[in-house]
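# Topology and contacts: notes
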Amino acid sequence: MVDILEPYESYSVAQFYNDLLIHINSIHAMNKIPLLVGGSIMYFKTFFLKLIIIKIMNQNIGKLIHLKKLCTDNSHFQMLAVDQRPPIFNIISSAKGRKHSYEEVVECKKLITSNLSHLATAILMDPHYSIPNLLQHNNSKGLVITLEEHDFKETLQGRYSSDIDNWSVEKIKKAGGDAVKVLAWYRPDAEKKSLEYQQQYVQRIGEECEKYSIPFLLELLVYPFQDDDHHTKEYIEQKQKKSQHVIDSVKEFAKEKYKVDIFKLESPVDSNDLEGDISKETEDAFKNLAKATNNKPWVVLSSGMGKTSFYKCLELAYQNGASGYLAGRTIWLDAFKNYPNIENVDKGLKTESVSYINKLNDLTARKAYSLKDYFKKGFKIQEPENFTKNFGGFK
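An account of the accompanying structure is given in this report. Keep in mind that what you see is a predicted model, and the values were worked out from it rather than measured.

A few words now on the overall build of the protein. Within the protein, the regular secondary structure consists of 15 helices and 10 strands. Working note: accessible area of the protein is about 19300 Å², and carbon and sulfur atoms make up 52% of it.

This is the structure we're talking about:
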C-alpha cells in the first residue's frame, strides 16, 4: 500500500472498498473512466460484490414503499378482495337464471367496495369491472390489481395460467397499483409440462415486477385433477387436499428466482379440520407452511370457507408468522344470499359483514406478525451519500 499506510499498519478489504470508492467517485467527477489494474483479485471481487449488493438492496425501496401502503400503522395487512369474477358471475346467474351482464357484476362489486373498503388497508381489484368503475368508491389507501385471467387451460393432470388480454405488470404500475396479484394453480404432482409452464409463468412476472419496482403478490392454490372424485373448476377449496401439496408448492415459489414479495396462501388443511378442537397434525401443517415461505411476508386467503373456520385459520396462521389477510367471499358472500334484493344485500353488508371484518381486524391487530422490523431493515439505505448514483432507473 504505497503512500497509503506505514509498513507496520494493518489494512482490510473493507478499508480497501472505502478508499477505492472515494477515488472512483473522484475520477467520475472529472468525467473520466477509472481503470482497475494489478493487486489481488480477492479485493476486486469483494469490491464489486458489495456494489452489487448495495444496488440490489437500494433498488427494493420502491417495492417497500408500495408494500407499506398496504399495511396498518402497525404494519399488518387487512386487505379486501373484490377481484372475484366467476364467484360473482355465479351469484347473478343462480338468482336470475341467465348469464350475468357487465352492469350487474359492477353493481355487486360496488356494493362490496362502498360498504367495506373503509375497514380495509387495501383493496384487490380486477381491471375489467373494478378499476374502470369503482375507484371513486374505494376508501382504503392501498390498491392491489389482478393480472391473471380467471379462465385457465386444463388438461387431465395440469392447469395453465395466463394474463388477462391486453393487461400487464407495466400497465398495473402505470394505473397506480401498489402490487401485482397473480393466482397460480399449482400442485407438485401435476404433469411435468404444467409444472414447467407455471414456474416459467411466475418467474416471468416476478422479473417484470422487479423491473418496474412493484411488489409481486403471489396467490397459490392446489386443485383437483380431472379424474379426482371432487373435481371442479370453481374457485373453491379443494376437498381432501394434501397438506404437503400446499406446503411444497410454497417452498418452490419461495426460491429467490421467482422474486415473490408477499404470499397469499390457503389453509394447509381442509376447513373441516378447523372446526372443533385443533389436532397436532393441523398445528404442524401451519408450522411447516410458515417455514416454507423462507421468511417472506405472507397473508391468508379465505377460499370462501365459513366464518368460524376462517377465524380459526387466522389464529393458527398468526401464531406462525402471518402478517394479515386478503379475503373476500368469507366476509361478504352471506349478504348476497339476498340477491337480487339490493336493499337487503346492502343491509347485510352494513351489518353482518361489517361486524365480521371488525372482528378479523381486532384479531389481526392483536395477534398478526408485524412487519415493522422488516420495513426498518429495508428502508436502511446503503451508502446514502451515494444514493442518487447507486439507484438505477427502469431498464
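Now for the environment of Thr113. Counting through the fold element by element, Thr113 comes out in helix H5 (residues 102-116). Residue Thr113 is classed as buried on the basis of its relative accessible area of 0%. Along the chain, Thr113 and Leu135 lie 22 residues apart, while their C-alpha atoms are 9.0 Å from each other. Ignoring sequence-local partners within four residues, the contact set of Thr113 consists of Val82, Ile123, Met125, Leu134, His137 and Asn138.

Note the cis peptide between Tyr339 and Pro340, where omega equals 15°. Topologically, Pro340 is positioned in the loop between helix H12 (329-332) and helix H13 (342-367). A positive phi is found at Asn294, a non-glycine position, where the angle reads about 60°. With respect to the helices and strands, the residue Asn294 is situated in the loop between helix H10 (280-292) and strand S9 (298-300). Asn294 sits in the partly exposed class, given a relative accessible area of 41%.

Attention now goes to the side chain of Lys264. Mapped onto the fold, Lys264 is located in strand S8 (residues 262-265). Engagement of the side chain of Lys264 in a polar contact is seen with the side chain of Glu219, the distance being 3.1 Å.

Let us look at the pattern of salt bridges. In total, this model carries 25 salt bridges according to the counting rule given. A salt bridge links Lys63 to Asp261; the shortest N-O distance between them is 2.9 Å. Within this pair, whereas Lys63 is found in helix H3 (residues 61-69), its partner Asp261 is found in the loop between helix H9 (243-253) and S8, the two being separated by 198 residues in sequence. As far as burial versus exposure is concerned, Lys63 and Asp261 are alike and both buried. Across the pair Asp334 and Lys307 runs a salt bridge whose closest N-O atoms are separated by 3.0 Å. Residue Asp334 is located in the loop between H12 and H13, and its partner Lys307 is located in helix H11 (residues 307-319); the two are separated by 27 residues in the primary sequence. A single salt-bridge network, built from bridges that share partners, covers Asp83, Arg85, Glu148, Lys181, Glu219 and Lys264.

A separate point is the pairing of strand S3 (residues 142-146). Counting buried residues along S3, 5 of its 5 residues qualify, which places the element largely inside the surrounding structure. Side chains of S3 alternate between two faces, with Gly142, Val144 and Thr146 and Leu143 and Ile145 buried alike. Sheet topology places strand S2 (residues 122-125) next to S3; 4 bridges connect them, and they run parallel. Residue pairing across strands places Met125 opposite Ile145, the latter belonging to S3. Relative to strand S6 (residues 179-185), S3 runs parallel, the two sharing 3 bridges. Note that in S6 the partner of Val144 across the bridge is Ala179.

Glancing now at H13. Taking 1.5 Å per residue, 26 residues should reach 38 Å; H13 reaches 35 Å between its end C-alpha atoms and fits that length. Of all the residues in H13, the buried ones are Val345, Gly348, Leu349, Ser353, Val354, Tyr356, Ile357, Leu360, Asn361, Leu363 and Thr364.

In this structure the tally under the stated criterion is 15 aromatic pairs. Ring geometry for Phe375 and Phe379: centres 6.1 Å apart, planes at 20°, overall stacked. Classification of Phe375 by relative accessible area gives buried; the value is 2%. Given the relative accessible area of 29%, Phe379 is considered partly exposed. Members of the aromatic cluster, each reached through a chain of ring pairs, are Phe152, Trp185, Tyr223 and Phe225. The residue whose ring lies beneath Lys68 is Phe375, and the NZ or CZ to ring-centre distance is 5.0 Å.

Our next topic: the nonpolar core. In terms of nonpolar packing, the biggest core is built from 92 residues, with Leu218, Phe263, Phe310, Ile331, Trp332 and Phe336 touching the most fellow members. The contact partners of Phe310, leaving out residues within four places of it in the chain, are Val300, Leu301, Ser302, Met305, Tyr325, Ala327, Thr330, Tyr356 and Leu360. Core analysis: the next-biggest nonpolar cluster, separate from the first, contains 17 residues, Ala81, Leu124, Ile262 and Val299 among them.

Calculation criteria
- Residues numbered from 1 in each chain as written.
- Predicted model: local features only at pLDDT ≥ 70, side-chain atom pairs only at ≥ 80, totals over all residues.
- Heavy atoms only, no water.
- Helix = DSSP H or I, 4+ residues; strand = E, 2+ residues; numbered from the N terminus.
- Areas by Shrake-Rupley, 256 points an atom, 1.4 Å probe, with all protein chains shown as cover.
- Buried < 20%, exposed > 50% of the residue type's maximum accessible area, 1.4 Å probe, protein only.
- Contact = heavy atoms within 4.5 Å.
- Polar contact = N/O pair within 3.5 Å; in protein donor to acceptor, adjacent residues only side chain to side chain.
- Salt bridge = Lys/Arg side-chain N within 4 Å of Asp/Glu carboxyl O.
- Pairing = 2+ DSSP bridges.
- Expected span 1.5 Å × (residues − 1).
- Phe/Tyr/Trp six-rings, centres within 6.5 Å; stacked < 30°, edge-to-face > 60°.
- Lys NZ or Arg CZ within 6 Å of the ring centre and 35° of its normal.
- Core = buried A, V, L, I, M, F, W, Y, C linked by side-chain atoms within 4.5 Å.

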